Amino acid sequence: MTISAKSISLELGGKKILNNISMDVRPGEILSIIGPNGAGKTSLLNVLSGNIKSHNGNVSYNNTPLESISIQERAYIRSVMSQFQSIAFDYSVEDILQMGWLDHSHKDIKEDLSAFQNQVIKECDMENLIHQKFNTLSGGEQRRVHFARTLLQLWQPANTKDQNYLLLDEPFSNLDLVHKVKMMESIKAKASSGTGILMILHDLNLAYSFSDKILLLKNGRVIEQGETKKMLSARLLARAYETFISIDENPINIRYY
Amino acid sequence: MESIRKLSFQTSQFFSFVSKNQILLMSLLFMSMIFFSLLAITFGSYGLSIVDFLLGKTSDIQNTVLTEIRLPRVILSGLAGASLGISGAALQGLFRNPLADPGLIGVSAGAALGATLMIVLGGDIFSQYSLGVFFIPLAAIAGSSLVILMLYFMTKGFGYEGVTYMLLVGIAINAIAGVGIGILTYISSDSELRSLTFWTMGSFGGVTWPLLIPVILIIALAIIIMIPYSRQLDLLQLGEPEAFRLGVDVQKLKYTIILTCAASVGASVALSGMIGFVGLIVPHLTRLLGGVNHNYVLPGSALMGAALMIIADLIARIIIQPAELPIGLITSAIGSPFFLWLIFKIKKL
């Protein structure tokens, strides 16, 4: 039971974006993809989510090839949070949040929706945002709403426990310190309930302190991937980012929570 | 779990995302549409009473005016309003652009060109085949489909960035269609074309049942197909990749909206000519009244469009009796300042 990519290669406009990448997103694990700009991180996420078809290799969800899973069914297996564009019409925050609610064929749809919605609103600290217009929110607030929407997408009826995944592209951009920590806690809680997590991160400190595994990407190739401890090497990071990097044991430990 | 996934989400979620207020609003719009229809049947240069008609107290000539002239006209104006309203709303959703309007972006012009081409060049065909009455609406639909497909490819899949670009393409298409209609008008005899003003300003006059019935069928079918896609249009507002990730078959959604809009606009233009700005104003009024979610905006715009168009046609008929104002003149007189206001408002955002 994984989201699994085998020998993925991708070319866009004659340029090799991804080169022979194999990786897994496992249940209950947090995997962070790090790497310099233009490494192919977002493209890899788009291939995993099924938005872009790779030229070589294949992607499978829970041992089923992606092509044989319908577009609609994929939405129940993985939810994705990406970078966003503006929205033309004046939707309320609640409208945007509820766009994450998939169709579950049961009678008390409204009760389940409002119960889980309230839980998610609380978790993402959105009580005072919910009745505002989405377009009037700040960048960080909009991110939180989209994150809440991806959580809503993963709702399952009480008696089912299907393996699902959360794919996040730069989830913490524009967030203040408190909300960064809160979102991280939600993500960790999701992982410990069995959801497989994939994150693209730029903040190396964050990546190393919260991930179970790290995948280091550069020029469309995997430089190294593995357990976070094993990946903590200044030499490795310096090679990827082409700059001097040192790893210090933090002498003053500031904890936010 | 399997059964959950096999369900098609566009239909089952329809009522989950419409508020009580919105249902109330739609009922009010529906009732005003019925009320305006009764008014429009009653008033005109020839006085009629529906009560008398139902009681059988009317003369033969009154019956004929009512069933052969007044009723088809009211139905056509309602249908044209509904089709332009809902198509405007659906295209605005599809293009993620509040300025999309079947008239502005050239869809109506394409339909008009298709219809005039059929009338002038295919003049003899209608009498030869029993299905001849379908040819004009079909030609108009072909014209409008062609325009929407052109827009689709020229704006590279309706990206939000392409707002100005799409309007410019619309101007060009309107101009091309205008030239085409002009040439056709010039080479045609008087009997072939009712008049150039008919196509540029629109009219609901002179419609007969054999022409109207295919149009009723086409527009009703298009609306019935379109409305279940409302929820998917909402999800599309997050962007195409995001809608796809939420389970929307984006390609299918696009082609369905394109074809249904082209069909309903084409069919209505084939009988009533180009009536500007309805597809722009109606969805905006609908949104101002009750919200932006398409489960409400699509049916709401259809009802609002029908109600407004029926009353507008009534005003056009009685304001300068016994002559009548071209309906497109009224809608453009109201619509163009509204369009300017809208541009101003969007610029401020």
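No experiment lies behind these values; they were computed from the predicted model shown.

**Q** Explain the overall build of chain B to me, and be specific about the residues and the numbers.
**A** Helix and strand content of chain B: 17 helices and zero strands. Counting across all 349 residues of chain B, residues that qualify as buried make up 50%. Residue pairs at least 24 apart in sequence account for 82% of intrachain contacts in chain B once pairs closer than 6 positions are excluded.

**Q** Let's hear about the overall build of chain A: which residues, and what values?
**A** When you go through chain A residue by residue, the secondary structure sums to nine helices and ten strands. Expected size for 257 residues packed as a compact globule is a radius of gyration near 18 Å; at 19 Å, chain A falls within 12% of this value. Overall, the C-alpha framework of chain A stretches about 55 × 50 × 35 Å when taken along its three principal axes. Going through the 257 residues of chain A one by one, you find that 40% of them count as buried. The contacts of chain A with a sequence gap of at least 6 include a subset with a gap of at least 24, amounting to 69%.

**Q** Requested: an account of the interface of chain A and chain B, with residues and values cited.
**A** At the interface, 28 residues of chain A touch 28 residues of chain B. Of all the secondary structure elements, the ones that give two or more residues to the side of chain A that touches chain B are helix 2 (71-77), helix 3 (93-98) and helix 4 (109-123) of chain A. A class-by-class count of the residues in the side of chain A that touches chain B yields eleven nonpolar, ten polar and seven charged.

**Q** Mind laying out the sheet that holds strand 1 (residues 3-12) of chain A, listing which residues take part and the relevant values?
**A** Residues and elements named next belong to chain A. If you trace the four strands from one edge of the open sheet to the other, you get 2-1-4-5, paired in antiparallel fashion. On the outer flanks of this sheet lie strand 2 (15-25) and strand 5 (64-65), each paired with one strand and no other. In terms of strand pairing, strand 1 meets strand 4 (residues 56-61) through five bridges, oriented antiparallel. Counted as the bridge partner of Ser4 is Ser60 from strand 4. Along the sheet, helix 1 (residues 41-49) makes contact with strand 1, strand 2 and strand 4, crossing strand 1 at roughly 120 degrees.

**Q** Got a sec to walk through the pairing of strand 6 (residues 78-81) of chain A? Specific residues and values, please.
**A** Residue and element names in this part refer to chain A. The side-chain alternation of strand 6 yields two buried faces, one formed by Arg78 and Val80 and the other by Ser79 and Met81. Two elements, strand 6 and strand 7 (residues 165-169), share four bridges in a ladder whose sense is parallel. The residue of strand 7 that forms the bridge with Met81 is Leu168.

**Q** Tell me about helix 1 of chain A, residues and numbers included.
**A** Since one α-helical turn is 3.6 residues long, residues separated by three or four positions face the same way. Counting buried positions along helix 1 of chain A gives eight out of nine residues, so the element sits mostly inside the fold. Looking one or two places after helix 1 of chain A, you find Gly50 of chain A, whose phi comes out positive at around 90 degrees.

**Q** Got a sec to walk through the sheet that holds strand 7 of chain A? Specific residues and values, please.
**A** Two pairing modes exist for strands in a sheet, parallel and antiparallel, and in both the strands are linked by backbone hydrogen bonds. Residue and element names in this part refer to chain A. Read across the open sheet, the six strands follow the order 6-7-8-3-9-10; overall the sheet is mixed. Across the chains shown, the open sheet's two edge strands, defined by having one partner strand only, are strand 6 and strand 10 (221-227). For this sheet, the mean angle separating the axes of adjacent strands, direction not counted, is 15 degrees. Note: strand 7 against strand 8 (residues 196-200), five bridges, orientation parallel. Bridge pairing links Asp169 to Ile200 in strand 8. Each of strand 6 and strand 7 touches helix 5 (residues 139-153); the most contacted strand, strand 6, lies at about 175 degrees to it. Against the sheet, helix 6 (residues 177-192) makes contact with strand 3 (30-34), strand 7 and strand 8, and its axis sits at roughly 145 degrees relative to strand 8, the strand it touches most.

**Q** Quick rundown of the nonpolar core? Include the residues and the values.
**A** If you look at the biggest cluster of nonpolar residues, it comprises 163 residues, and the most contacted ones within it are Ala148 of chain A together with Ala90 and Ala115 of chain B. The biggest single contributor to this core is helix 16 (residues 294-318) of chain B, with 14 residues. Apart from the residues within four sequence positions on either side, Ala148 of chain A is in contact with Leu97, Val120, Ile121, Cys124 and Met126 of chain A.

**Q** An account of the environment of Ile218 of chain B is requested, with residue identities and associated values reported.
**A** Residues and elements named next belong to chain B. Along the chain, Ile218 turns up in helix 11 (residues 209-226). Exposure remark for Ile218: the 24 C-beta atoms within 10 Å place this residue in the buried category. In this structure the C-alpha to C-alpha distance between Ile218 and Leu71, which are 147 residues apart in sequence, comes to 19 Å. Residues in contact with Ile218, not counting those within four places in the same chain, are Pro137, Ala263, Ser264 and Ala267.

**Q** Can you explain the confidence of the model for chain B? Please cite residues and give values.
**A** The share of residues in chain B with pLDDT of 70 or more is 85%, and the mean pLDDT across the chain is 83. As a predicted assembly, this complex carries a pTM of 0.88 together with an ipTM value of 0.91.

**Q** Give a description of helix 6 (residues 107-121) of chain B that names residues and reports values.
**A** Residues and elements named next belong to chain B. Spanning 15 residues, helix 6 covers 21 Å between terminal C-alpha atoms, matching the ideal 21 Å at 1.5 Å per step. In terms of burial, helix 6 is largely enclosed, as twelve of its 15 residues are buried. Those residues of helix 6 that fall on the buried side of the exposure criterion are Val107, Ser108, Ala109, Gly110, Ala111, Ala112, Leu113, Gly114, Ala115, Thr116, Met118 and Ile119.

**Q** Got a sec to walk through the packing of helix 6 of chain B against helix 14 (residues 250-272) of chain B? Specific residues and values, please.
**A** All names here are of chain B. Contact pair helix 6 / helix 14: the axes reach a minimum separation of 9 Å and the direction vectors enclose 55 degrees. The orientation of helix 6 with respect to helix 14, classified from their angle, is oblique. For the pair helix 6 and helix 14, the crossing hand works out as right-handed. Contacts from Val107, Ser108, Ala111, Ala112, Gly114 and Ala115 of helix 6 reach helix 14 at Ala262, Val265, Gly266, Val269 and Ala270. Here the contact of helix 6 with helix 14 is composed, by residue class, of eight nonpolar, three polar and no charged.

**Q** Give me the lowdown on the pairing of strand 2 of chain A, citing residues and values where you can.
**A** Residues and elements named next belong to chain A. Looking at chain direction, strand 1 and strand 2 are connected through seven bridges and run antiparallel. Each residue of the ladder has a partner; that of Leu12, found in strand 2, is Lys15. Counting the residues in the hairpin turn of strand 1 and strand 2 gives two residues, including Gly13, whose phi is positive at 55 degrees.

**Q** Kindly report on unusual backbone geometry, identifying the contributing residues and their values.
**A** A positive phi angle, close to 55 degrees, is found at Glu242 of chain A, a residue other than glycine. Counting through the fold element by element, Glu242 of chain A comes out in the segment after helix 9 (234-241). Judged by the 9 C-beta atoms lying within 10 Å of it, Glu242 of chain A falls in the exposed class. Even without glycine at this site, Arg96 of chain B takes up a positive phi of about 50 degrees. Inspection of the secondary structure assignment puts Arg96 of chain B in the loop between helix 5 (60-95) and helix 6.

**Q** Can you tell me about the packing of helix 15 (residues 278-290) of chain B against helix 16 of chain B, naming the residues and giving the values?
**A** All names here are of chain B. Here helix 15 crosses helix 16 at 120 degrees, and the two axes come no closer than 9 Å. Compared by their axis directions, helix 15 and helix 16 come out oblique. In this structure, helix 15 meets helix 16 at a crossing whose hand is right-handed. Here helix 15 contributes Val278, Val282, Pro283, Leu285, Thr286, Arg287 and Gly290 to the contact with helix 16, which in turn contributes Tyr296, Val297, Gly300, Ser301, Met304, Gly305, Leu308 and Met309. Counted by class, the contact of helix 15 with helix 16 contains nine nonpolar, five polar and one charged residues.

Conventions used here
- Residues numbered from 1 in each chain as written.
- Chains lettered and ligands numbered in written order.
- Predicted model: local features only at pLDDT ≥ 70, side-chain atom pairs only at ≥ 80, totals over all residues.
- Helix = DSSP H or I, 4+ residues; strand = E, 2+ residues; numbered from the N terminus.
- Buried ≥ 20, exposed ≤ 12 C-beta atoms within 10 Å, placed from the backbone.
- Contact = placed C-beta atoms within 7 Å.
- Rg over C-alpha atoms; globule rule 2.2 N^0.38 Å.
- Nonpolar A, V, L, I, M, F, W, Y, C, P; charged D, E, K, R; others polar.
- Pairing = 2+ DSSP bridges.
- Axes fitted to C-alpha atoms, helices over the stretch in contact; angles between N-to-C directions.
- Core = buried A, V, L, I, M, F, W, Y, C linked by C-beta atoms within 7 Å.
- pLDDT = per-residue confidence, 0-100.
- Expected span 1.5 Å × (residues − 1).
- Parallel < 35°, antiparallel > 145°, perpendicular 65-115°, else oblique.
- Left-handed = near helix turned anticlockwise from the far one by under 90°.

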